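Structure at a glance
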Amino acid sequence: GFIKLYYILQKKLTAMRLLCVTLLCTLWAVTSYAAITSRVQTPRTARPREVSMDSLREENKELQGESRASRQRRSTPGNDSFSHTSALTGDNNPYALVHYSGAYSPLIFIVTQRRSNSLVVQSNIWRTTNLGQNYTNDTGKLPDDAIINDIHISLDKEKLILADQRNNRLYRTLDGGEHYLVTNVNFDPETLLFHPNITEVVLAYDSEHSDLYVSSNFGADWESLSTGVHEYVWDYLDKEATVYYETDEGNSTFLWKATIDATNRISNYKFESLGPIETNSLVLNNQFIFVEKQLNQSDTTGEGGLFVSYERGDFAEAMFPLKTQEQHYLIADASEQQALVAVYHYDNLTNLYTSDASGHSYSLSLQNLRGSDIDTWRTRSATVELVKIEGIRGTYIANRLDPVSSDPRYWPVFTQITYDKGGTWKFIQRPPYDSQGNPNDNCTISEDCNLNLRIDQPSRSGVYSNEHALGMIVAHGNSGKYLNSYWWGQYYSNVYLSRDAGFTWTEEFYRGSYEYSFLDHGGVIVAVSRYSSNTVYTKSITFSCTEGLSWREMNISVNNLYVIGMLTEPGSTTLEATVFAKTPGIFVEWLIIQLNFSVLVDVTCQDEDYVDWIPSDERQGGHCLLGEMATYERRKPEVCCFNGRDYDRPTTISACPCKLQDFDCDVGFEKLTTDSPCTLADGTVPPEAPIVCPEGDSYELTLGYRLIPGDKCEGGDFHAYAPRTYACPIRAPTSLLLTSASEFYRVGETVRISLSQGYGSERSTVYSWNFGDSHTLQLTGLSNSESVTHSYTATGVYQIQLSAANAGGVNDVSILVSVLDEIQRASFSSDRILIVGLREEFDASYTLLYDSDDIGTISYEWEVGTDRTVTSPSPVLTHKFLSAGNVTIRLKVSNEVSLANSISTVLLHSSSDNLRIPQDGQSYAVSSRVSITLVATDNVPLPTQGVSYKWDTGEEGAEEQTTSNPTLTFQYNTRGDKTIKVHSVSTEDGTTINHVVSGTIHIIPEIGDVTSLHHTGTTDETLSVNLTIKDMNKQPYVGPVTLLITDDTNNDWEYNNHEFYVTDGTLMFTLSPLSKYTTYKIQLSLVNAVSRFYNSLEVSRVRNTDQSVVITLHWVDIPADTEVEVWEQLVKDSVTQEIMDNIPIESWRLFVDLSVQEEQGYTIHVRLLPHNNTEEGMQELLNLLEEINQLFVHTHDIVISGSTGTQTIPVISSTVDDGLNNVQQVYTLIGLAVGIPILLVVFVLLLIPFVVCGVIYIRKYKKVSHAYSRLRQTRANNFMFTHDGMDDEDDEPPVSLAGEKGAKGAKGGNVKYDLDDNFERTGLDNPSDA
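Residues numbered from 1 in each chain as written. Predicted model: local features only at pLDDT ≥ 70, side-chain atom pairs only at ≥ 80, totals over all residues. Heavy atoms only, no water.

1. Details of the overall build of the protein chain
The following threshold applies: Runs of E in the DSSP output that reach at least two residues are strands. Runs of H or I that reach at least four are helices, and both are numbered from the N terminus. Each residue is assigned to one of three classes by its accessible area relative to the maximum for its type, calculated with a 1.4 Å probe on protein chains only: buried under 20%, partly exposed between the two thresholds, exposed over 50%. For every accessible area listed, the method is Shrake-Rupley and the probe measures 1.4 Å; residues are considered covered only by the protein chains on display.
The secondary structure content of the protein chain amounts to eight helices and 94 strands. Out of the 1330 residues in the protein chain, the part that is buried amounts to 45%. Summed over all atoms, the accessible surface of the protein chain reaches about 67500 Å², with 49% contributed by carbon and sulfur.

Rendered as structure tokens:
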């Protein structure tokens, strides 16, 4: 009940094109107008005419006879009109999707769309609840931005889902469109697929991301089923919700099955054994599942294969009797217990094959089947022109290509029909009369006067049948040898009708494109001119209630219409039909015309109006199809009455005797012509007894025929075509195979040998055994020789031989078994120092029971703690340990017949750093005895048993020392650095471990005497020091020493704590002076690791300078609770801090002296000590003193902070006392005498304008203060003072004032007061400024 109706708007022609086309059309119309108008829509006897309903009813009565006048008439709706037109007013969208809710439902949904570049940009939804009497626009029930891409139907007539891809939404209705539930989803709902049997379960597919989703509650909640999905299909035979789907894994595609329960839980199963398949090859049809196996890249033939699962069993490859390579497959039909598969071979050559009942074996049915081109096969969108006639078993119509030339593109097309599922194909006989009632003279069933039908059209305008209209077929086509070609925008086709499932035909209309429907179980046939690019407008429909014996034309509109399509309620059992049309012109308007034929056909059929009808398969005098004769009840064609929706057609079925027509060719056989027998195909091996045919059994051998799957015939000629039965022949035993439970055994162990035989006779065969150790055995019959036993008394490799012989021949087979020695004991060495992180080696050994060479393959399995398990054919384990402590090592040594174990616990140190010589880096005196030890710092004890330690002392000429524990005492007699090395050795095998612990000690002499130059001088000079050092033997000292320098003022000297290495008994270095004003006594200490020696030097001070800054402070009383010394120190500290904060004195030494003159003040002398007495140094000192002087000239107060609080002392004066001579003082006095009067005159001239400005300022300031007071009273929200840039503390700043709501004279605005004294002027209309 779901059909998409597409309307394509015609393009406007340009003026030049329009002129050319008009001239051509005019010329054509003048020459052919009379012929065309005399034949379009004309019945066999007369042209359809317009009639009234009353006259039509009367004619129906005449057809039925006077005796039917008293029949009961069907009650009709209150509206007695035949047609009712509803317009989708205001909707000019050119595309429409129509959904009938199902039988017995008055609901119809229509979605109209406007598209741009295949995208839906606007949509409306219309609904009728009275089977099309009127439609309402339900678009307003959806969100304003809703775009409907598709309608998706369920089993429940009241439930459907609208998909909105643009907004990723679903609009779900549970009450037939009365209300909609909006569900947002996180995927693109491009395709929805409801389960065919479970209403609530639905799949959703997002093709952009290839994701498949499932919902178990009608789309309310969704779960991801899989990603990378290509093809998917519901299993409608399974009672559970089961879906089969393809999904990507890497570069391959695999088949999966998922089962969904009511809570949306998903159980997945992968068809692992099937392997990779071709993408988009999955097809599920009835009891068959089809997939194509992925091409094997290593297969040089490049052939893929079709694999079939029958009744959900394992997949098996489909076998085709092909002479040409298979390239692509199309499942044309899989109903009625048989599959019809179209196979594309090459160059547009497509053949049709029919299967056996399991779908695994195929026979050629039809060659050169017409199909689409190779590109569609590659994209798996191919089609073939094959159509099944609904309701009639085994009947198909197909179009074939006639290979009359070398180019398949130009092969003509002809039509054939089969009534036995493709066993036999025949031409369709041309009708005896044309649509004008004129006989087709001299026409037999020869190929030149056949009927050829169009199958490449939509179902309702191509070949159309319906299971409820039993035996009725309507089709477009033409008579002749071939099907007419497409020329100038149209096919030259007529409309043909068959009442007996295609056996006979009548021509109903000449030339035209029609869409047709069956109503009332085939009791009424309706035809309407279908819109195409060259179709004229129409106002009417044509119908027949007498199976085409007569036709009537009824107007459905007063205006011309474009008819887009016609639909009926699903099942075609009612007398209602719906026509979808549009108004011509630029602005499209959809019209839905509801046709009610119950107004015209209003008489109920009675028993006498029916006859029995038996479909024929064209056999002379026969009425059997597929081995059975089915008798159906049908209404008499000439009686115009209605069957009714609930009409149940009585059917009687009986078996027919088997005939040749019930068989088709078996696999490997073919018919050279339609009527020829089945013969062996070229290149096929003749059938023979099967290879597996047990002696005494029988087998069947085909005669080239097999019963058509689904054929129900019985008896008759069955045995004439059925396979023959033969006794299995005696054949030589072949495919012999000996097996044993193991290839390896111990001495004395029982060896059991099993025998299997693939082919050949078994009961009469004699089996002779030879065990390879002089023992033999002979048995008759496979059942007695399938299992034998033997045991061996010595190690070795033995060949067991078997000879099998019968009347058909002899064959031999053999097997080798090995009898091996057994391992008794395993061991490995483990007493050594082991370090975490280093690779350690362990060597395994073993002993044997018989000490023979037949040991097989020795395997070693090491288990080291919990770190890892290693199985290796090598006896050496190399392992890096991961953790410290006790670790258990287990060893298993095995061969094929035995196993021995060994277990040992080893001690592990966490790292090599944890094994160390603690004396490493220490120094010792020459000739002293040094105790050297090897210790572990990770609390893991070193082994003292089974291990010896070897020491390399590093003393030249000394031999390697060996101890039983990790301690060595050794005397070093020469100085120098001694590198000590120690390693452990296993006392059992003498193998050295793979790491060595080393350390270095220093052997040095003691310092015996130091002499030096006693140096005295000024600190302006660099002090050079030369020391002579001797050891305890009065020899020049050689070795490291550390110099320690101290003096009586605790200065930090450059070489203090500096280490030297003395090579010849002398040490020279220089000292730079740290100060220039003192005499220093410097003490030198020479130290090494084993001794210490002292010496001293003396340095005198230099002359001091007299320059200073004299600062006079105002007298203040000393606080009562502060001592005089403390107070004076506070004053000096405050002055010092003031200088340090403001003057960069850096490394100059600063001295501050204080003298007190009570009641007169404090006098402070500030002095700086220079770096040197050079002229540059003295000038730098004078510059710094002047900066200090200027600091206190501008500093008015000194702040004293003490424990009692803060106190301020005013600064009276500051001068530089630099010791100038009298001439400089005289010049200074003269300069003051002349300069002071001049400065006074300049000062008076500059003071006059400031005085004037000050007076003005004071007056305005009072006004501003008054305004400010008024503003405060207004309680304005915020205030702002705007400063004009004056920085002096004593000056009052001019301000601008304004209020937001308040003071008289203020214009409004935002007034803010900035507490940080950072002011800015606000943008007011007219602020008051001062």
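The structure having been displayed, the exposition proceeds.
2. Focus: the sheet that holds strand S64 (residues 823-828)
This is how the line gets drawn: At least two DSSP bridges between two strands are required for those strands to pair. All axes here are fitted lines through C-alpha atoms, helices being fitted over the stretch that makes contact, and every angle between N-to-C directions spans 0 to 180 degrees.
Read from one edge of the open sheet, three strands run S64-S66-S69, paired in antiparallel fashion. On the outer flanks of this sheet lie S64 and strand S69 (876-880), each paired with one strand and no other. Within the sheet, the average angular offset between the axes of one strand and its neighbour, ignoring direction, is 25°. Sheet analysis places S64 next to strand S66 (residues 839-848), joined by five bridges and oriented antiparallel. Residue pairing in the sheet places Phe828 in a bridge with Ala844 of S66.

3. Focus: the confidence of the model for the protein chain
Heads up, the condition is: Per-residue confidence from the prediction method is given by pLDDT, with values spanning 0 to 100. Two residues qualify as a contact provided that any one of their heavy atoms is within 4.5 Å of a heavy atom in the partner residue.
In the predicted model, the protein chain carries a mean pLDDT of 77, and 77% of its residues have values of at least 70. Low pLDDT, under 50, characterises residues 1100-1104; the predicted model gives this stretch 20 contacts beyond four residues in sequence or across chains.

4. What to know about the packing of aromatic side chains
Stated formally: Under the pairing criterion, centres of Phe, Tyr and Trp rings, with the six-membered ring standing for Trp, must be within 6.5 Å; the plane angle then separates stacked pairs below 30 degrees from edge-to-face pairs above 60, leaving the rest tilted. Over a ring means this: the NZ of a Lys or the CZ of an Arg is within 6 Å of the ring centre and within 35 degrees of the ring normal.
Overall, the coordinates contain 30 aromatic pairs when judged by the stated rule. Taken together, a centroid distance of 6.2 Å and an interplanar angle of 85° make the contact between Phe828 and Phe842 edge-to-face. Of this pair, Phe828 sits in strand S64 while Phe842 sits in strand S66; the two residues are 14 residues apart in sequence, bridging distant segments of the chain. Each of the two residues, Phe828 as well as Phe842, counts as buried. Site record: aromatic cluster; members linked through ring pairs are Tyr244, Tyr269, Phe271 and Phe315. Of note, Lys293 hangs over the ring of Phe307, and the distance from its end group to the ring centre comes to 4.8 Å.

5. Some remarks on the pairing of strand S25 (residues 349-355)
The buried fraction of S25 is high, at seven of seven residues. By the alternation rule, side chains of S25 split into Leu349, Asn351, Tyr353 and Ser355 and Thr350, Leu352 and Thr354, which are all buried. Sheet analysis places strand S24 (residues 340-346) next to S25, joined by six bridges and oriented antiparallel. Bridging across to S25, Tyr346 finds its partner in Leu349.

6. Observations regarding the layout of surface pockets
What counts is decided by this rule: Both cavities and pockets are sets of points on a 1 Å grid over the protein atoms alone; in a cavity a 1.4 Å probe fits but cannot get out, in a pocket the set is open with protein on both sides within 12 Å along at least five of seven lines, and lining residues sit with an atom within 4 Å of a point. Grid points are joined across faces, edges and corners, and a volume is the space filled by probe spheres set on the points. Put simply, Ala, Val, Leu, Ile, Met, Phe, Trp, Tyr, Cys and Pro go in the nonpolar bin, Asp, Glu, Lys and Arg in the charged bin, and everything else, Gly too, in the polar bin.
Computed from the structure, the second largest pocket encloses a volume of approximately 680 Å³. Around the second largest pocket, the lining comprises 31 residues; the ones closest to its centre are Leu364, Ser365, Leu366, Gln367 and Lys671. For the lining of the second largest pocket, the secondary-structure elements that each account for two or more residues are S25, strand S26 (362-366), strand S49 (663-665) and strand S50 (669-671). Looking at the lining of the second largest pocket residue by residue, the class counts come to eleven nonpolar, 15 polar and five charged.

7. So, the sheet that holds strand S57 (residues 744-746)
Taking strand neighbours across the sheet as the criterion, the five strands line up as S57-S63-S62-S59-S60 in an open arrangement whose pairing is mixed. Two strands in the sheet have a free side with no partner beyond their single neighbour: S57 and strand S60 (776-780). Between one strand axis and the next, the sheet turns through 25° on average, direction left out of account. Taken together, the five bridges between strand S59 (residues 766-770) and strand S62 (residues 796-806) define a ladder with antiparallel strand orientation. Bridged to Val766 within S62 is Ala805.

8. So, the state of the cysteines
Disulfides are covalent bonds that link the sulfur atoms of two cysteine residues. Inclusion rule: Disulfides are defined as cysteine sulfur pairs within 2.5 Å.
Across all of its chains, the model carries six disulfides by this definition. Residue Cys665 pairs covalently with Cys678 via a disulfide, S to S 1.9 Å. With the S-S dihedral at roughly -90°, the linkage between Cys665 and Cys678 falls on the left-handed side. With Cys665 in strand S49 and Cys678 in strand S51 (residues 678-680), the pair connects residues that are 13 residues apart, well separated along the chain. Residue Cys678 is classed as buried on the basis of its relative accessible area of 7%. Here the disulfide map of the protein chain reads 1-4, 2-5, 3-6, 7-11, 8-9, 10-12, the bonded cysteines being numbered as they appear in the sequence.

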